[in-house]
Amino acid sequence: MVTAKASVDVRSGAARFQASTATRDPPWTKVAILAISLGFFALFLLMPLIAVFVEAFRRGWALYVAALVEPDALSAIRLTLTIAAIAVPLNLVFGVAAAWAITKFDFRGKQLLISLIDLPFSVSPVISGLVFVLVFGAQGWLGPWLAEHGIKIIFAVPGIVLATVFVTFPFVARELIPLMQAQGRDEEEAALVLGATGWQMFRKITLPNIKWALLYGVILCNARAMGEFGAVSVVSGHIRGQTNTMPLHVEILYNEYQFAAAFAVASLLALLALVTLILKAYVEWRSAANSRQGEAP
Amino acid sequence: MSIEVQDIRKTFGSFVALEGISLGFPTGELIGLLGPSGCGKTTLLRIIAGLERADTGRVLFDGHDASHRDVRERRVGFVFQHYALFRHMSVFENVAFGMRVKPRKMRPPEAFVRKRVHELLDLVQLDWTAHRYPHQLSGGQRQRVALARALAVEPRVLLLDEPFGSLDAKVRKELRQWLRRLHDELHITSLFVTHDQDEAMEVADRIVLMNKGRIEQTGLTQEVYEHPSTAFAYSFLGAVNRLPGRVDGDTLRVGDGAVPLAERFAMHGEEVVAFARPHELDIVADAECTLGLPASVQRVLVSGAVARVELTARVGTNGSAEPARFEVEITRDQLARLNLQPGQAVRLTSSRLRVFPPDRQTG
């Protein structure tokens, strides 16, 4: 299969499409479509990004740095990193477990589970936050019991972690499920027949086969965990220096008319987004190269 | 090692895959599990391997109950239809895998692993691919690597699930002969699943013919082919002409004709379906002849030493005659003598028409 490819047209789809007189668009169509897409890109994606950095540095480098090293800002950065450090590994484990359960076992209610995995995406983040308030809040189901035992979840770090885990749950599982479904169970079964234990099978066969998709899911999960606003805003209580994450801190600063400081913190989040994009592009490129290689199993 | 299965039942939801299969596989033979798709043959193979658990029944290896032993402990070699090679490992690492995952105490030293892998790759004539990756090999090469990998753990039995199923016709034929030679060399008890009767005929010592979760017939390959015991076995093992009609003495009334019956299981006046292979029907071009089934020649195809004649005839009992297609194989000499033309009216007759007892008419 693979060897036969050499003789086939190896140009990209776009190149082949353009080379053929039958499918080539007239020049003005090409220009118009390019102009529309690039114009949209500049107006809605590039301009806001530039605006964030311009605004952040408007009052000079000194003020920019001052806004970032101020205690409340530092605390927000620390909290955001902590939340991500807890939520991402948790969802890495949950995501792999869910994808594994769905693709390697047959059980009743499998379709329901697949639909439920998407719930955090389909529900508004504010609702996600409210759900936790209703369950763990002072007036919530578990509120009295928690108060009795002196456990604080809502308006505290555990609540923020819960909300973040909930909102970012689908990223890893959704990346893995289609890939693992396409790969099937044959290789795992072969490993078992050859005497591998469950753990050996996972470590030596499954994990290498899914590593790029897994990394991709983790990167997206991390970006969302650090950037989540809605759900976190509901459960956090906005206590400065304690339960303020970076996105919440940006909002507070902005509402207090400290625009330069708000944009300074925002620029960090924007930077994170850029780094995420670069990493994502790299992982996509690697996993594409990987799947080309392993195309024919 | 001998394998025995006793009263194996398996259902998937409401679908009954296997209904009470009992079989013994003697040591050292190459056995073909043959049947149409969905007949349960792959399920049976997977139950023997331990990849699937039977609802009831036992699997015995050398007389010892292995039903509750884990797939890891059964020491079987399994070859998958789609090879299931580990795509991220080189051919060498694929073959070495079974030795490398052994518990630390039983794990052979690296030098032994190297030697063994090269021996196995030599055996499948692929030592030169040791450092390649599965995607760099052709289908036939991959399946041979899969076989080497299965043999690396010194399995007590070798189970092959449609091993040639995804290969093209020419490679398939080569690999069949190669597998047969390999088996003659190794003499390891082997079971292979196939839906291709030619493949089973060519490779297997013994055939287990399955249909709808049951065993239809078992026996030595030649024996099963020459003496099929049911209508299903007869139809599945080769091309077949069906002649529905009514028994009349020692002839079968088909449409407007009468064909002599070779064996008599049916009662006088009973409606039955008789069978004949293409080479078991004779064409009579003599217009005077009154015996046999009137038919008309449609097409004559010559290939090699034989000619295939396609005909149509009206079959069924008198009232409800309907047109049916027939295929007859004759030698080129016979063809030259008959000088058949499309549209020509002839008669079909046979001295080897078979009728199966009513309880074996299924299929």
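About the thresholds
- Residues numbered from 1 in each chain as written.
- Chains lettered and ligands numbered in written order.
- Predicted model: local features only at pLDDT ≥ 70, side-chain atom pairs only at ≥ 80, totals over all residues.
- Helix = DSSP H or I, 4+ residues; strand = E, 2+ residues; numbered from the N terminus.
- Buried ≥ 20, exposed ≤ 12 C-beta atoms within 10 Å, placed from the backbone.
- Contact = placed C-beta atoms within 7 Å.
- Core = buried A, V, L, I, M, F, W, Y, C linked by C-beta atoms within 7 Å.
- Domains from an automatic or database assignment.
- Nonpolar A, V, L, I, M, F, W, Y, C, P; charged D, E, K, R; others polar.
- Pairing = 2+ DSSP bridges.

Asks: Before we move on, can you summarise the overall build of chain A with the specific residues and values?
Replies: Within chain A one finds 15 helices and zero strands. With the C-alpha coordinates of chain A rotated into their principal frame, the extents come out at 65 × 60 × 30 Å. In chain A, buried positions account for 33% of the 297 residues. In chain A, once contacts between residues fewer than 6 apart in sequence are set aside, the share between residues at least 24 apart is 74%.

Asks: Quick one: what's the story with the nonpolar core, residue by residue and with numbers?
Replies: Judged by nonpolar contacts, the single largest core of 113 residues is most densely connected at B:Leu33, B:Ile48 and B:Leu159. The element that contributes the greatest number of residues to this core is helix 4 (residues 139-151) of chain B, accounting for six residues. In contact with B:Ile48, not counting residues within four places along its chain, are B:Ile3, B:Val5, B:Val59, B:Leu159 and B:Leu191. Within the second largest apolar cluster, 60 residues are counted, among which are A:Ala73, A:Ile83, A:Val232 and A:Val283.

Asks: I'd love a proper account of the domain arrangement of chain A, names of residues and values included.
Replies: Residues and elements named next belong to chain A. Segmenting chain A into domains produces domain 1 (24-57) and domain 2 (60-295). Taking only C-alpha atoms, the centre of domain 1 and the centre of domain 2 are 30 Å apart. Taken together, the six residues of domain 1 in the interface contact nine residues of domain 2. Grouping the amino acids of the side of domain 1 that touches domain 2 by side-chain chemistry returns five nonpolar, no polar and one charged.

Asks: Could you give an account of helix 1 (residues 41-49) of chain B, with specific residues and numbers?
Replies: Residues and elements named next belong to chain B. Among the nine residues in helix 1, eight count as buried, and that is most of the element. Along helix 1, the positions that sit buried rather than exposed are Lys41, Thr43, Leu44, Leu45, Arg46, Ile47, Ile48 and Ala49. Gly50 occupies a position one or two residues after helix 1 and carries a positive phi of about 95 degrees.

Asks: So what's going on with the pairing of strand 9 (residues 206-211) of chain B? Which residues, and what values?
Replies: Residues and elements named next belong to chain B. Counting buried residues in strand 9 gives five out of six residues, a clear majority hidden from the surface. Relative to strand 10 (residues 214-220), strand 9 runs antiparallel, the two sharing six bridges. Of the residues in strand 10, the one forming a bridge with Met210 is Ile215. In this antiparallel pair of consecutive strands, strand 9 and strand 10, the connection spans two residues, and Lys212 shows a positive phi of 50 degrees.

Asks: Give me the lowdown on the interface of chain B and chain A, citing residues and values where you can.
Replies: Interface size, as often reported, equals the accessible area lost upon joining of the parts. Residue-level contacts link 19 residues of chain B with 19 residues of chain A. Among the elements of the structure, strand 6 (76-79) and helix 2 (91-100) of chain B are those that each provide at least two residues to the side of chain B that touches chain A. Class assignment for the residues of the side of chain B that touches chain A results in eleven nonpolar, five polar and three charged.

Asks: Lay out unusual backbone geometry with the relevant residues and their values.
Replies: All names here are of chain B. Unlike most non-glycine residues, Asp62 shows phi in positive territory, near 55 degrees. Mapped onto the elements of the fold, Asp62 is located in the loop between strand 4 (56-61) and strand 5 (64-65). Within the chain, Asn339 stands out as a residue other than glycine whose phi angle is a positive 50 degrees. Residue placement: Asn339 occurs in the loop between helix 9 (332-338) and strand 19 (345-349).

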